[in-house]
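Given next are the chains, with one letter for each unit.
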Amino acid sequence: MLFIKRIVLEIKKGGIKTFIKKFITVNSLILSIPIYLISLISLVVIYVIRPSYLIRFGNLNSSRLGHFVANTELYLCEKDKNINLPRQKFIDLFFFQKISNYQIAKMWKRELNVIPKFLLEPIYLINKYISNYFSFAKKHLIKSSCSDRDINNLLDETEPHLHFTREEIIEGEKYLKKFGLETSSKFVCLIVRDKAYLNSMYPEKNWQHHNFRNQDIENFYKAADKITQRGYYVFRMGSLVEKKFKNNNKMIIDYANSPHKSDFLDVYLGANCSFCISTSTGFDAIPYVFRRPIAYVTVPIKYFFTFSRNFLIIAKHHFSKNLNKKLSFSEIVDLGVIDCVYSADFEKKNISLIENSPEEIEELCNEMMDRIENKWIENKDNVEMQKKFWDNYKNKFLDKTVLSPIHGELRSKMCSNFLKKNPEWLI
């Protein structure tokens, strides 16, 4: 009777849903005790054989597409170049968390030793806890240089590790025909960040701190039309989006709102596009790791993707309400705005971020097309502007990140027209 009364009180206190959640949690913990005991025994065996054979564990960040793709690719690139590898015989084992893209998961299983989560996660967690007290346990944790940041410039020096099977290539070509493309058709992926995805997928969290990174899809209409005039189709990408990409141009496809949208096609399109236009969001990791050129319309400046010759960049304008003017790059650094990585940071410094105009975005895309079609003429003025900007970037900023590098060799380019029309970025 006391047990029943206790249950009734718990339901009255928190409601039936809260009680069920607590009940499931408690039972899950009880049921997991045998698994953790077996895992502990397995871990002791793993420690004993370590002098002869090292077993390492890794938790793939599979719940966020960008990290699922880029972090994993860079781990494999480092492995190719013998970076962060043990000096003895070893094997690396991985497990997935919540999977953001099942096609990517399928493709990584072809390249990695992926173990079911219920088997490997307990071993991983116990070892991670032990590593807080005993350094030998750290040897069993897979190391990587730096998240999704290619600080060793490996993307330009290695081949992609993700591959499609022959059957998948045929399937992808069939889908392209459904959209009106031929096998030989050129296409571009356009991904514009807004608040719809994170708010829908993770409603329990407040994502306002990332709002400064969002952009209005309508600013990209003009560029998309221009791209089609030069013979490319445009796929507007996105899992969940705020606005439809309204247009009458048959070569512009609002794939984000298409019934054909799928995990497989997300990857196939990103892997095979002529280039990608991105505002720096998860999807662009796919063209990133498939070594496709990317035209970035992005902030924050501190986290420019600078690692590859395939990247071309413009940034939002930084307007100081205190000074009543657009800031130069040097002022952005000297006033500490370079370190703003959340919306609240910009608000505290009284900085408004002004989205790039349709004309600026069109100029970015024109330059990218000229470059990939070998029509770009790198004249003396352009070379000098690039050198001025990147020397400034390096001198003003990179020296501050020696202890925790987020850049390697600076290989990317700023859009030349952007620098011409915003000479304050060269002061």
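Our structure is the block above this text.
Parameters at a glance
- Residues numbered from 1 in each chain as written.
- Predicted model: local features only at pLDDT ≥ 70, side-chain atom pairs only at ≥ 80, totals over all residues.
- Heavy atoms only, no water.
- Pairing = 2+ DSSP bridges.
- Helix = DSSP H or I, 4+ residues; strand = E, 2+ residues; numbered from the N terminus.
- Buried < 20%, exposed > 50% of the residue type's maximum accessible area, 1.4 Å probe, protein only.
- Phe/Tyr/Trp six-rings, centres within 6.5 Å; stacked < 30°, edge-to-face > 60°.
- Salt bridge = Lys/Arg side-chain N within 4 Å of Asp/Glu carboxyl O.

With respect to topology, three strands assemble into an open sheet ordered β10-β9-β11, the strand pairing being antiparallel. Pairing within the sheet leaves two strands with one partner each, and these edge strands are β10 (325-326) and β11 (351-354). Pairing geometry for strand β9 (residues 317-320) and β10, over two bridges, is antiparallel. The residue bridging Ser 320 from the neighbouring strand is Lys 325, located in β10.

Our focus in this paragraph is the pairing of strand β7 (residues 294-298). Across the five residues of β7, five count as buried, placing the element largely inside the fold. Burial along β7 is two-sided: the face carrying Ile 294, Tyr 296 and Thr 298 and the face carrying Ala 295 and Val 297 are both buried. The pairing of strand β6 (residues 275-278) with β7 spans three bridges and is parallel. Looking at the pairing, Cys 276 lines up with Ile 294 of β7. Relative to strand β8 (residues 311-315), β7 is paired through five bridges, and the arrangement is parallel. Bridge pairing in β8 places Tyr 296 opposite Ile 313.

Our next topic: the packing of aromatic side chains. Under the counting rule described, the total for this entry stands at 30 aromatic pairs. Ring centres of Tyr 296 and Phe 305 lie 5.4 Å apart, and the angle between their planes is 20°; this geometry places the pair in the stacked category. Overall, Tyr 296 belongs to the buried group, its relative accessible area being 0%. What makes Phe 305 buried here is its relative accessible area of 14%. Where Phe 329 meets Tyr 393, the ring centres are 5.7 Å apart and the plane angle is 20°; that geometry is what we call stacked.

Moving on, we come to the pattern of salt bridges. Using the criterion set out here, one finds 22 salt bridges in the structure. Ionic pairing is found between Glu 362 and Lys 222, a salt bridge with its closest N-O pair at 3.8 Å. Here Glu 362, found in helix α12 (residues 358-372), pairs with Lys 222, found in helix α7 (residues 221-229); they are 140 residues apart in sequence, far enough to count as distant. With relative accessibility at 16%, the residue Glu 362 sits in the buried group. The closest approach of N and O atoms between Asp 254 and Arg 236, which form a salt bridge, is 3.2 Å. Of this pair, Asp 254 sits in the loop between β5 (252-253) and α8 (263-272) while Arg 236 sits in strand β4 (residues 232-236); the two residues are 18 residues apart in sequence, bridging distant segments of the chain. As far as burial versus exposure is concerned, Asp 254 and Arg 236 are alike and both buried.

So, to be careful, I would describe these as geometric facts and stop short of saying anything about function.
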